[in-house]
Every structure is written in structure tokens, then in C-alpha cells.
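Now for the letters of each chain:
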Amino acid sequence: MLISVVALAMAFKADWLVDSSPFGASVTERSGVITLSNGLISRSISVPKNGTTVEYRNLMTGERLIRAVKPEAWITIDGHRVPIGGLAGQPNQAFFNADWIAKMSALPGSMRCIGTRREPIQCPIPWVRKRPSPPSAWPPSGLGVAFDYVAAEFPGIEATVHYEILAGMPVLVKWLEVRNHTRAAIQLNAFACEQLGLVEGESAVDAMPEWRKPPITILSDYSFGGMALAGGNKGVHWMPDPEYKTQVNYELKTPCLVEVRPPLGPQQTIAPGGRFRSMRAFELLHDSDDRERQGLAVRRLYRTFAPWTTENPLMLHLTSTDPKVVHTAIDQAAECGFELVIISFWSGLDMEDVSESNIKKFRAFRDYAHSKGLELGGYSLLASRRINDQEDVINPKTGKTGGAIFGDSPCLCSAWGQRYFDNLRKFIAGTGFDLLEHDGSYPGDFCASTKHPGHSGLEDSQWNQHAAIAEFYAWCRERGMYLNVPDTYFLSGSNKTGMGYRESNWSLPRAQQHIHARQNLFDGTWEKTPSMGWMMVPLVEYQGGGPEATIEPLHDHLDDYRMHLTNNLAYGAQACYRGPRLYDTPETRAMVQERVAWFKKYRDILESDVIHLRRPDGEAIDAIAHVNPHISTRAMVVAFNPSKQEQSTTLKIPLRYAALTSECVLRISDGRAKRVLLDETGAATVKITVPPQGHVWLTFREK
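Residues numbered from 1 in each chain as written. Predicted model: local features only at pLDDT ≥ 70, side-chain atom pairs only at ≥ 80, totals over all residues. Heavy atoms only, no water.

Caption draft 1: Looking closely at the packing of aromatic side chains. With the rule as written, the count across this model stands at 33 aromatic pairs. With a centroid separation of 5.6 Å and an interplanar angle of 85°, the aromatic rings of F362 and F365 are classed as edge-to-face. Placement of the pair is F362 and F365 together in helix α5 (residues 356–371), with a separation of three residues, close to one helical turn. Comparing F362 with F365, the two get one shared label, buried. Ring plane angle 20° and centroid distance 6.0 Å describe the contact between F472 and W475, whose orientation is recorded as stacked. One end of the pair, F472, and the other, W475, are both in helix α7 (residues 461–478), three residues apart, so they sit about a helical turn from each other. (Phe/Tyr/Trp six-rings, centres within 6.5 Å; stacked < 30°, edge-to-face > 60°. Helix = DSSP H or I, 4+ residues; strand = E, 2+ residues; numbered from the N terminus. Buried < 20%, exposed > 50% of the residue type's maximum accessible area, 1.4 Å probe, protein only.)

What follows is the structure, given as C-alpha cells:
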């Protein structure tokens, strides 16, 4: 059983989520066993025992992760599956006893470990810090070790397994490299860069509709096809372990074996002298089953390994390319304190048109925006459309187009797909665009075509298409571009995805939109930081609903417009304010300026982590807190009253994640300061009164 958060704090006297400085990374060697540790987790790999992990421990709880020794990785070369490392002879797969190691021997047919070397933390994606964001090191601090393996059955084929232990986080990163030193090309049919026989999350005799997993989150940068982590995590596979014969489950179906690999393929040719690199696995160990604490840990992982996601510009979604409208919108955005203008869908922008006249037109818009201190970019649709029978993905079940994830979709490795990326690069370079909103990003479609120039058949189609888009995003990242992508490409370079909403809900009456908006924000920030998800504000009619759903004319619906701004900015999230303008009267302009000024005054804390207090239900007060132990305003609570009557409530606010433990100074809506005592768990109990259909905010500082 995992220990409680309070017991954890007492045992460690330091919580890595509050103060990570005590947990420096180390790599030590004793009797041929190399241990990567940071005081939070440790992984030990025995070089004499075939470069195999013999211990993986959660030092925060004292629990051992692995119940069975497995190969460090595996590859299939020219149809032959070859384990990398691994030991044979474990008598029971339910648990691992260190006394057994001496009697265990190298797994037959496995690649053997021939040596190790230290290496620095690598930086897979170059990041140009272009926008204000919280301080973050790139690459992050830590230590790396590489283990080299060779196979007697495949002379000249070498594999290297890379490990990185991070400072200050219970995270280990791992990936695989395969090199061909022979005189002939080889086929890498399949691989797994990680395989772990984990202690099961639960034991059940019967078949379970949904299994509890062990206390570990594993992500990879082979992620696409969904806005939620679980939906997009295509590279991580939880499976039964057929070697685990003593498990409780009668059908031996407990998901306690995890592999990090593509679902199919990659079927890559490695030329003589060439090499192949796998995706990266990010292994985050948890010290609690508390949803908030696990969410804070996942969000810290993204801030660390995708620091570009902390960039969070205020964005106007412009619906026109008429020069008069564009210039007016840029002027208004600058006046109101916005930071980026997106020329949106249905506006007339075509980023695939690389004619001199088109590039010149949009370069002029970009130059005008820059003259006003703004950035400018635009929208392009990729996957969710049809091109033709020759260029679209071929459904492996029918041998024809159709049946893709979005119905119809072009293959990124078709001639059209190659032209598409070439044209986008040319357009972006020519216009100097600062942002790409890439809709319908590649969701993971397989393609059975054997005629597309960028892949040979079904087995390499997903890997090659993902590589094409990931390389493009890395190119954008190196240029400092902002990437709005409705998918989980964060670890491949994207900045933001949808917070999570149903588009048709923006056609509901305005009062209902506000409740949905805060529910979406509350639910979307369990695993995403506020800056990782965008919202929508339909200044003009979006998909229907008529006048009751839209804010235009803006001055006629000032209260709703103000509430939309407050909903999003109070969560630290940005929305697509979709329309041709931000204000229509001086009164409207003043309101927008006031809301933006309030946000920028508290920006550091509002863009910090969310602690979920009360979910919106349309009747009672709903509330969230932001916490940050590294800035002067340590915490901020924003509470909303959806009803037409004044309401009061008492909130218990956990402030230990703000490094406040005994007492602090509270201000309510910038009122008088008052001293507040915290209880033994680091929580403050505060009574608040919120006006009808209004909000209040509370700030907390050290005494």
C-alpha cells in the first residue's frame, strides 16, 4: 500500500513537488552493478549479468517495482527476434529474490553487454526560447549512462540502451539505438526499447473490465491520435505476462508486463554504417494514489521535458484576410494587451499556396503585427480531408481509401504529403510566421499502399508518417514557432492542444457556455498545465445557436464577454477569441483591457499548477487554486458563483504545495491583508462570499 502524502512529507522532510533541490542525480558502480539514483528512485543494472536490470525501486515508498527480470529491450532483425540483455533461471515470476541472481545466466540468444559509458543528458529537440515563460533548463539536469550490446548470431550488429536519471524528479528516461556495421543492409522489423515485468497493480481471479495499473506513468514521444494522455499514448503497451504462471488471475491475463514500442513495425532498413533510434520512454514513479498528486507529477514531467508548453500567449483568432480587417484586428489586439494573432480557418488563408504574391501578402501582415509588438501566424488543415485515391491512406482491411480515423486522410508519405510539408516550410520561411495552428494533425493512420514514395508498405507506414510530422515540428521548434496542435505531440515539439470541449457546446445559450467552460477547464487541468490547453470564445456565431449563443455585438453582451475572459484567464488558460475584432465601443475596449491587465498582474501564479477544489455544477460555488512555491504570491484561489443570488461557503485550501506550512498572509480580491493559520496538513480554512454570477480571488503570501 502506498503511504499517505502526510506520512511521506514527515518521512522525507522534503517534498520533491515543493523543493526538488535535495534530490540530485547520481550514477554509482559497485561490483559491476551500475545504479542510477536521485534519492527518489533507483535502477540497478548488472554488467556481469548481461547488462540486465536487477533492481528498480521507488525510494519514496520503499517499494520494489519489478517482480521478474526481463530483457532490457528486444529487436527483430530480418525476421529473427533477439533479446537485448536479460537473464534466464528465475524460479518464480511473482517476486524477485536477490539471492537468485548468482545462479541465473544470460538469456539464450540474447545480445550480450560488452561495456558501458557515461554521457550527458541529451537534447532531442532544439528549443529557442522566444516568449516569456517560467525559468527552465533545457536540457534538464541529470546524468546518462549507455550500455552497449552485441550478438554472436549477428556479427556487426550493435545495440545501445540509453538511460537518463533526472535530478529532482522520480523520472527515468530510456531509449534504444541499433547500428549496422556490416556490408549489407538489414531490416529492423520490430523492437521494444523497454520491457518491464512489474508488480501487478491488483490481483483478481476473475476477468476484469478495467485493471488497476501499478503506480507508474509511462509516456513516450511516439504519441498521437488523442488530446488526452491515455488516448494518445500509442507507444506504451500494458500486456499479460505468459511467463507469470503463479499469478492469481485464472486466465493469466493480469496486465503486469509493459513494453514501449510502436503498435506495428517500424520495418526500417538500416544501411551499412547506418543507425536507428527508437522513441524515448519517460518513466514516472508515483508515491501516492492521490489523483491531484499524480497529476502534479505528470504536469511537472511535461514542464521539464517539453518546456515550450509553458509559453502561453494571449491569442486572437481572426476570421478574415481582408487587409483592412487584419490591420484593425492587429491594432485592437495591441491596444488590449494581446500577444498573438492567428489567421484562422474559414478566413481565406491557404498556407499551401507558395506563390510569390501570397507569401508577400502574408509577410506584410506579419511585418505589421511585429511593428505593433505582436506575433502573427495561421491555420492549416492536414489529415481530416480527402485528396484523391492515389494520395490518401489505403485501408488495410479493404485495400481502398476510406475508413481512416477521420474518415478520409492523405498519407503523409505520399507525393502529396511530401509536397505539403515542403510547401509549409517554404510558406513559413517566406512569411516569417510565428505560429502554426495545425488542425487534423496526423492521428496514426496505417496505410497499405505500396506506391507511396515515403513508405514501402503497411508495416512502415505509421512509423514513417509519424517521423515526417515529428521532423517538421522539430524544424518549427528550432525556429521558435508556436504550435497549436489538437493532439498529444507535446514531447515532439507542440505547445498546446485543446483543453477538452465539445465544439457544438459553443452554440448553446451564453449562460450555459460559462458552466461548460469552467467544467472543461476544471477537468482538463488534471493532467495538463493551464498553458497546455486552449479554450474557445465564440465572439461570432460558431456552429449555430443564433444570437443567444454569440457575443457580437460585443457591447450588447459585455457581462458575458467579461465572464468568458475571466473563466479562462483565472485558470491561466488561453482561448481562441474567434472573430474579426476584440472591441466595438470604448466601453468594451476598457473592459478587455482591464481583464487582460488583471491577468498580467497575476500571470506568474495564474499560469502555475492548478489544485482542484470544487467542480462547477451550475448551482454552488466552484473554485480552483494555483500554487507555486518559487514566487512571491505562493497561491491564488479563484471562486465563481453561477447563481443569481449571493452565496457564501467555506473552502479548505491545501497550501503545502505552495511551501506554506504554518501561517501566511491572505488578501481577498486585493482587500486588506489578514493573517491565516494553517492546520497540520498545511491547509487554510477560509470563508468567502461571492456576488451573484460573479467571482472573487484570494492571494496567499508568506507572513
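Moving on from the coordinates now.
Caption draft 2: The arrangement of helix α4 (residues 323–336) in detail. Here α4 is 14 residues long and its end C-alpha atoms lie 20 Å apart, about the 20 Å a rise of 1.5 Å per residue gives. Within α4 the residues assigned to the buried category are V326, A329, I330, Q332, A333 and C336. The arc that holds every buried residue of α4, seen down its axis, measures 165°, which confines them to one face. Structurally, the start of α4 carries an N-cap: the backbone nitrogen of K324 is 2.9 Å from a side-chain oxygen of D322. Residue G337 follows α4 closely and has a positive phi angle near 85°. (Expected span 1.5 Å × (residues − 1). Arc of directions from axis to C-beta. Polar contact = N/O pair within 3.5 Å; in protein donor to acceptor, adjacent residues only side chain to side chain.)

Caption draft 3: Fine view of the pattern of salt bridges. Applying the stated criterion across every chain yields a total of 51 salt bridges. The residue R179 makes a salt bridge to E177 at a minimum N-O spacing of 3.5 Å. For the pair shown, R179 and E177 are each scored as buried. We note a salt bridge from D609 to R299, for which the minimum N-O separation is 3.2 Å. Within this pair, whereas D609 is found in strand β31 (residues 609–614), its partner R299 is found in helix α3 (residues 291–305), the two being separated by 310 residues in sequence. For the pair formed by D609 and R299, the shared burial category is buried. One continuous salt-bridge network, built from bridges that share partners, spans R117, E119, D148, E158, E177, R179, R275 and R277. (Salt bridge = Lys/Arg side-chain N within 4 Å of Asp/Glu carboxyl O.)

Caption draft 4: Region of the structure containing the nonpolar core. Formed by 129 residues in total, the largest nonpolar core has its most connected members in I75, L176 and F338. Aside from chain neighbours lying at most four places away, what touches F338 is L314, M315, L316, A333, L374, Y577, L582, V592 and V596. Membership of the second largest hydrophobic core comes to 55 residues, among which are L17, V173, I611 and I653. (Core = buried A, V, L, I, M, F, W, Y, C linked by side-chain atoms within 4.5 Å. Contact = heavy atoms within 4.5 Å.)

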